[in-house]
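Working through the structure, step by step
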Amino acid sequence: MSINEFILEFHAIESKKNNEQYQKGEKPYQEFALKIFSQTDCKSLTLDNAIKAVELMNDLNVKLHQEFSEFGEVRWLSTTSKYKTIVGIELVIFVLYPVGVDDPRAVPKVCVVEIP
């Protein structure tokens, strides 16, 4: 899926959640975060898509925190993001964590895109 498709799906989940269309016990944001984790190819991201992805991850973090709080879970979230300059090169860096996966071998994905 493209970043734009992920953004549309996020808004669709948000709308369904606001309209109470999910059953009690469902975790749509966690499922969505795992989908993003499994389908994102960091190497193919453009700068524009990386920036959109960072913004989406920030919004998703808020929703995941709310969802985990509903279930009394204390897991922390799927993503972090930041902009960083290394030796004069500006980079967009974000990390995708496999939230809700109890497999200790699950490894985060680090996405790095250079700002020209």
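A brief look at the structure comes next. (Residues numbered from 1 in each chain as written. Predicted model: local features only at pLDDT ≥ 70, side-chain atom pairs only at ≥ 80, totals over all residues. Heavy atoms only, no water.)

Examining the nonpolar core
Note that soluble globular proteins tend to have their nonpolar side chains buried in a common cluster. Here is the rule: The term nonpolar core refers to a set of buried residues drawn from Ala, Val, Leu, Ile, Met, Phe, Trp, Tyr and Cys, joined through side-chain atoms within 4.5 Å. Summary of the burial criterion: residues with accessible area below 20% of their type's maximum are buried, those above 50% are exposed, and those between are partly exposed, where the area comes from a 1.4 Å probe applied to protein chains only. Strands are runs of DSSP state E lasting at least two residues, helices are runs of H or I lasting at least four, and both sets are numbered from the N terminus onward. We call two residues in contact whenever any of their non-hydrogen atoms come within 4.5 Å of each other.
Membership of the largest hydrophobic core comes to 24 residues, with the highest contact counts inside it found for Phe32, Ile36, Met57, Leu60 and Phe94. Residue assignment for this core shows that the elements contributing at least two residues are helix H1 (3–18), helix H2 (28–39), helix H3 (47–70), strand E2 (89–96) and strand E3 (109–115). If one sorts the elements of this core by residue count, H3 sits on top with eight residues. Discounting chain neighbours no more than four positions away, the residues touching Phe32 are Phe6, Glu9, Phe10, Ile13 and Leu60.

Considering the pattern of salt bridges
Note the threshold: Salt bridge, as used here, is a side-chain nitrogen of Lys or Arg placed within 4 Å of a carboxyl oxygen of Asp or Glu.
Tallying each qualifying case throughout the model produces three salt bridges. Ionic pairing is found between Lys35 and Glu9, a salt bridge with its closest N-O pair at 2.9 Å. Pair noted here: Lys35 is in helix H2 and Glu9 is in helix H1, with a separation of 26 residues, a long-range link. A residue is classified by how much of its surface remains accessible, and Lys35, at 26% relative accessible area, is partly exposed. Using a relative accessible area of 23% as the deciding quantity, one classes Glu9 as partly exposed. A salt bridge links Glu70 to Lys17; the nearest nitrogen and oxygen atoms lie 3.6 Å apart. Of the two residues, Glu70 is situated in helix H3 and Lys17 in helix H1; the sequence distance between them amounts to 53 residues. Residue Glu70 is classed as exposed on the basis of its relative accessible area, which comes to 53%.

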